[in-house]
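Single-letter residue listing:
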Amino acid sequence: MSVFPNYDFDRKQIVDGTCFRLMPYCIKNCVSQRCKQYYESLENAPSGSYKCPHGLSSYVYNAQNKKLIFTGIKIKGKYDKQRVKGISTQDYCFNPVVEETICSSVANEIAVAIHENAEKDRKTAPVNDLLHETRALNGQIRGLTDSYFEEHGDDDTVDSNRLLEIIKNVQVCSYMISNRFLYLDSVLNPTLPQGSSYPAVIFGKFDKMRKLLKGYMRKNVWISLNTAETSKYRYNIYPSFETLLFVLLENAIKYSPNNQSVDVNFKEKANILDVEITSVGPYCNENEITRLCEKGFRSENAQIMQKQGQGFGLNFASEICKAHKIGLSFESIYLNKDHGVKYGRFYVKLHFDNACEC
């Protein structure tokens, strides 16, 4: 709500003010063709005062990516006193003459409030998502441990294989919770320090994730690391690097059909290491490929395959790559259609160059 009457861009009509009120003539005639054309002309007008077809004033404000139009008021030196008398009635409404500077100050305050509310909503949304997901993941952890103790009431009888499986699943949930908190930090504190970088063998980091995600989701989808010989390529990384690998590999397993492999191929030459993660997953057309790193975006086939998802994983992965100066690109080649979902061979390509490392 505004103290002045204002033009609603969505509904294409005037909304009355909380203090300054519309004249009865404006309420009855603001939908006329003449008035409609006038307000359409103001939608692209620069900031300033304008005179409406019936002698009243409008004030246009453009700032902070927000446009406001106060209208049906009387701005000093910007309204026609004689024409306004002709549309006046006996019905009283509070609509005194006001300085243009007052309109500007009020508009600025409203724009600031709108911006602050939008910023608050931007920061609140990921917090709500985090709470929802961490509760769900914590529920999974409790479910895993509770089921084990129900199956093995006697502490002397321990199924080591089942216990190892539970420990790995709990660790995966822990990684996912940690990733959500790290993502939240990046949203709330974009300039948050990333910690110190340290040299690490990239192959070793992939191998750690391969072991961690073995048997993940019980889909019989496995990760294969393919290289002519074990790669010793070292690259300076931040603590967030493991999150990058976890996001990419967990994503590949999650969207892969059962009984498929996720292949990670390493190609090293001098200071360069190219890593290609190949899997079968929802097909992305050429327009969707360019949008995969947009926050909140999910391809059509990914949505059909899995209804739930916030679409922040690859966006976060791209931000981690930027921080590490790692090249990131995608490719999708159509394979087939099954149960309404188009599948393709999906490629994630990571390019490391020690000449421009973090």
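Conventions used here
- Residues numbered from 1 in each chain as written.
- Predicted model: local features only at pLDDT ≥ 70, side-chain atom pairs only at ≥ 80, totals over all residues.
- Heavy atoms only, no water.
- Helix = DSSP H or I, 4+ residues; strand = E, 2+ residues; numbered from the N terminus.
- Rg over C-alpha atoms; globule rule 2.2 N^0.38 Å.
- Buried < 20%, exposed > 50% of the residue type's maximum accessible area, 1.4 Å probe, protein only.
- Contact = heavy atoms within 4.5 Å.
- Areas by Shrake-Rupley, 256 points an atom, 1.4 Å probe, with all protein chains shown as cover.
- Phe/Tyr/Trp six-rings, centres within 6.5 Å; stacked < 30°, edge-to-face > 60°.
- Patch = residues over 30% accessible without salt bridge, like charges linked within 9 Å, V, L, I, M, F, W, Y side chains within 5 Å.
- Salt bridge = Lys/Arg side-chain N within 4 Å of Asp/Glu carboxyl O.
- Pairing = 2+ DSSP bridges.
- Axes fitted to C-alpha atoms, helices over the stretch in contact; angles between N-to-C directions.

Participant: Explain the overall build of the protein chain here, please?
Facilitator: Within the protein chain, the secondary structure is distributed over 10 helices and 13 strands. A globule of 358 residues ought to have a C-alpha radius of gyration of about 21 Å, yet the protein chain, at 30 Å, is considerably larger. Each principal axis of the C-alpha distribution contributes one length, and for the protein chain these read about 95 × 55 × 45 Å. For the protein chain, the residues scored as buried account for 43% of the 358 residues in total. When contacts within the protein chain are restricted to residue pairs at least 6 apart in sequence, long-range pairs at least 24 apart make up 65% of them. Accessible surface, the protein chain as shown: approximately 19900 Å² in total, 50% of it carbon and sulfur.

Participant: Could you clarify how one ought to interpret the environment of S318 in this entry?
Facilitator: If you trace the backbone, S318 turns up in helix α10 (residues 313-324). Exposure remark for S318: the relative accessible area of 9% places this residue in the buried category. Ignoring sequence-local partners within four residues, the contact set of S318 consists of C293 and L328.

Participant: Could you clarify how one ought to interpret the packing of aromatic side chains in this entry?
Facilitator: Remark: the centre distance and the inter-plane angle together describe each pair of aromatic rings, the angle taken between the planes. The full count for this structure, using the stated rule, is 14 aromatic pairs. Plain terms: the ring middles of Y235 and F352 are 5.2 Å apart, the flat faces sit at 80° to each other, and that makes the pair edge-to-face. Highlighted residues: Y235 in strand β9 (residues 234-237) and F352 in strand β13 (residues 341-353), separated in sequence by 117 residues. We note that Y235, like F352, is buried. Ring geometry for F241 versus F352: centroids 6.2 Å apart, planes at 65°, classification edge-to-face.

Participant: I tried to follow a nonpolar patch on the surface on my own but got confused; where do I start?
Facilitator: Taken together, V158, L163 and I167 make up a surface patch of nonpolar side chains, about 240 Å² in accessible area. Locating I167 in the fold gives a position in helix α5 (residues 160-188). On the basis of relative accessibility, which here comes to 47%, the residue I167 falls in the partly exposed class.

Participant: Would you mind going over the sheet that holds strand β8 (residues 222-226) with me for this structure?
Facilitator: Paired through backbone hydrogen bonds, the strands of a sheet run either parallel or antiparallel to each other. Spatially, β8-β10-β11-β13-β12 is the arrangement adopted by the 5 strands of the open sheet, whose pairing is mixed. The open sheet terminates on both sides in strands that have one partner only, identified here as β8 and β12 (327-338). Averaged over all neighbouring strand pairs, the angle between strand axes comes to 15°, with direction disregarded. Pairing of β12 with β13, which is carried by 11 bridges, proceeds in the antiparallel orientation. Following the sheet pairing, F330 is matched in β13 by V348. Relative to β8, helix α6 (residues 202-212) is tilted by about 160°, and along the sheet it contacts β8, β10 (261-269), β11 (272-282) and β13.

Participant: Even after reading the chapter, I still don't get the pattern of salt bridges, so can you show me in this structure?
Facilitator: Side chains that differ in charge, positive against negative, can pair when their charged atoms come close. Tallied over the entire structure, the rule returns 11 salt bridges. Two residues, K76 and E99, come together in a salt bridge whose shortest N-O distance is 3.6 Å. Of the two residues, K76 sits in the loop between β5 (66-75) and α3 (81-87) while E99 sits in the loop between β6 (97-98) and α4 (100-151), which places them 23 residues apart along the sequence. For K76, a relative accessible area of 53% translates into the label exposed. One connected set of salt bridges, linked through shared partners, spans K205, K208 and E242.

Participant: Is there a simple way to think about the side chain of T243 in this case?
Facilitator: Within the secondary structure, T243 is located in helix α7 (residues 241-255). Excluding residues within four positions of it along the chain, T243 makes contact with N179, L182, F316 and I320.

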